[in-house]
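Inside the fold
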Number of protein chains: 2
Amino acid sequence: MQKEHNLSKNQKIIFDLIDKSGGPMKAYSILFNVQKKGIKAPLQVYRALDKLVEIGKIHKIESRNAFIACQNSSCQVSKATAFSICESCENVSEISNLKLSKYLSNFSDNSGMKYSKYNLEFFGLCKKCKSK
Amino acid sequence: MQKEHNLSKNQKIIFDLIDKSGGPMKAYSILFNVQKKGIKAPLQVYRALDKLVEIGKIHKIESRNAFIACQNSSCQVSKATAFSICESCENVSEISNLKLSKYLSNFSDNSGMKYSKYNLEFFGLCKKCKSK
DNA sequence: AACATTATGTAATAATATAACATTTAGAAG
DNA sequence: CTTCTAAATGTTATATTATTACATAATGTT
């Protein structure tokens, strides 16, 4: 069960925007979109983003400097994320594949490192873009 | 076998610096370090980095905006990369694990996407930092 | 030699992200 | 319900990362 976090005003505005967009959004595009709601400075956006990432409501797509709403309701915190990214249309979706997440969460090598988190990004062409 | 690319002057200067550093380096830190060799502008650095990434001599650590020399001589191009990152000391190493790379290269789901590339970043504490 | 491709040089600027400081709000503890 | 603390907000300035645009030079190919 996902713990219910009471989002603050700015956090809620920004989460709702990203969630409704259905895809990845960049920080300054978020800023532009929430200025009418009184959020005027980059830092206000980044602070909300940081918190939303921390509690697992959104994830950062590192290769794109963009943020997407978590599409996996069972994901309490962002400690094991996997995405598929179309290099043509830039569509992003979160992969929820139990076998994959188990495999990666249990991965260990001989480095002596204990892995507590991972992020995986797959790249390719989506169905639509392939057939063009 | 890795194809021998004849690196240009700037590419060679920048690759040698990253390679000798033994770890990840950031673009503007690279710039600072090569100014005495006549490379004066960010763009000169980014152009060399782009090319070096393209031919697989270096990889970008997306979560850190940093670049590291490829530690895997059989890696011709950067299409399948995995790294372990210590969140305390920021040490990064490239993981070369045949089982892992096979598993990920062959991964497919029901999205209809054909994955041609992936990047995986594991986070945790390295041996040294764990014992502190 | 002519051409195409790749690399370089330079200046300006765009895009992404954080530091520092003051104030306010929301919860928890008494 | 008041005192305390942690979290969130507001604001300005600035740091960091990366690209656009345009001119020139070097390299490789036919």
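Before reading on, note that the structure itself is shown above.
I will try to describe carefully the structure that is included in this document. Predicted model only: the values in this text are computed from it and were never measured.

A few points about the packing of aromatic side chains
- As enumerated under the stated definition, the model contains eleven aromatic pairs over all chains in all.
- Summarising the aromatic geometry, the rings of Tyr103 of chain A and Tyr103 of chain B are spaced 3.9 Å apart at their centres and angled 15° between planes, so their arrangement reads as stacked. Placement of the pair is Tyr103 of chain A in helix 4 (residues 98-105) and Tyr103 of chain B in helix 4 (residues 98-105), with the two residues belonging to separate chains.
- Under the relative-accessibility criterion, Tyr103 of chain B is labelled partly exposed at 25%.
- Ring geometry for Phe122 of chain A and Tyr118 of chain B: centres 6.0 Å apart, planes at 65°, overall edge-to-face. Of this pair, Phe122 of chain A sits in strand 5 (residues 114-125) while Tyr118 of chain B sits in strand 5 (residues 114-125), on two different chains. Each member of the pair, Phe122 of chain A as well as Tyr118 of chain B, is classed as buried.
- Taken together, Phe107, Tyr115 and Tyr118 of chain A together with Phe122 of chain B form an aromatic cluster joined through their ring pairs.

Notes on the relation of the copies chain B and chain A
- For the match of chain B to chain A, the screw axis carries a shift of 0.0 Å, the RMSD comes to 0.0 Å, and the turn is 180°. Considering both components of the superposition, the chain copies are consistent with a two-fold axis. Within chain B, the C-alpha atom positioned nearest to the axis of rotation is that of Leu120 of chain B, 2.1 Å from it.

Details of the pattern of salt bridges
Residues and elements named next belong to chain B.
- Summed over the entire model, instances satisfying the criterion amount to eight salt bridges over all chains.
- Measuring nitrogen to oxygen at the nearest pair gives 2.6 Å for the salt bridge that ties Glu90 to Arg64. Of this pair, Glu90 sits in the loop between strand 3 (80-86) and strand 4 (92-94) while Arg64 sits in the loop between strand 1 (58-61) and strand 2 (66-69), placing them 26 residues apart in sequence.
- The partly exposed category is assigned to Glu90, whose relative accessible area is 33%.

Here we look at the side chain of Glu62 of chain A
- For Glu62 of chain A, the location among the structural elements is in the loop between strand 1 (58-61) and strand 2 (66-69).
- Of the side chains with opposite charge, Lys60 of chain A lies nearest to the buried Glu62 of chain A, which makes no salt bridge, at 4.1 Å.

Details of the environment of Ser105 of chain A
All names here are of chain A.
- Structurally, Ser105 is set in helix 4.
- Separated by 48 residues in sequence, Ser105 and Lys57 have C-alpha atoms that sit 20 Å apart.
- Ser105 has contacts with Ala80 and Tyr118, leaving out every residue within four places of it along the chain.

About the cut-offs
- Residues numbered from 1 in each chain as written.
- Chains lettered and ligands numbered in written order.
- Predicted model: local features only at pLDDT ≥ 70, side-chain atom pairs only at ≥ 80, totals over all residues.
- Heavy atoms only, no water.
- Phe/Tyr/Trp six-rings, centres within 6.5 Å; stacked < 30°, edge-to-face > 60°.
- Helix = DSSP H or I, 4+ residues; strand = E, 2+ residues; numbered from the N terminus.
- Buried < 20%, exposed > 50% of the residue type's maximum accessible area, 1.4 Å probe, protein only.
- Least-squares fit on C-alpha atoms with pLDDT ≥ 70 in both.
- Salt bridge = Lys/Arg side-chain N within 4 Å of Asp/Glu carboxyl O.
- Lys, Arg positive; Asp, Glu negative; His and termini not counted.
- Contact = heavy atoms within 4.5 Å.

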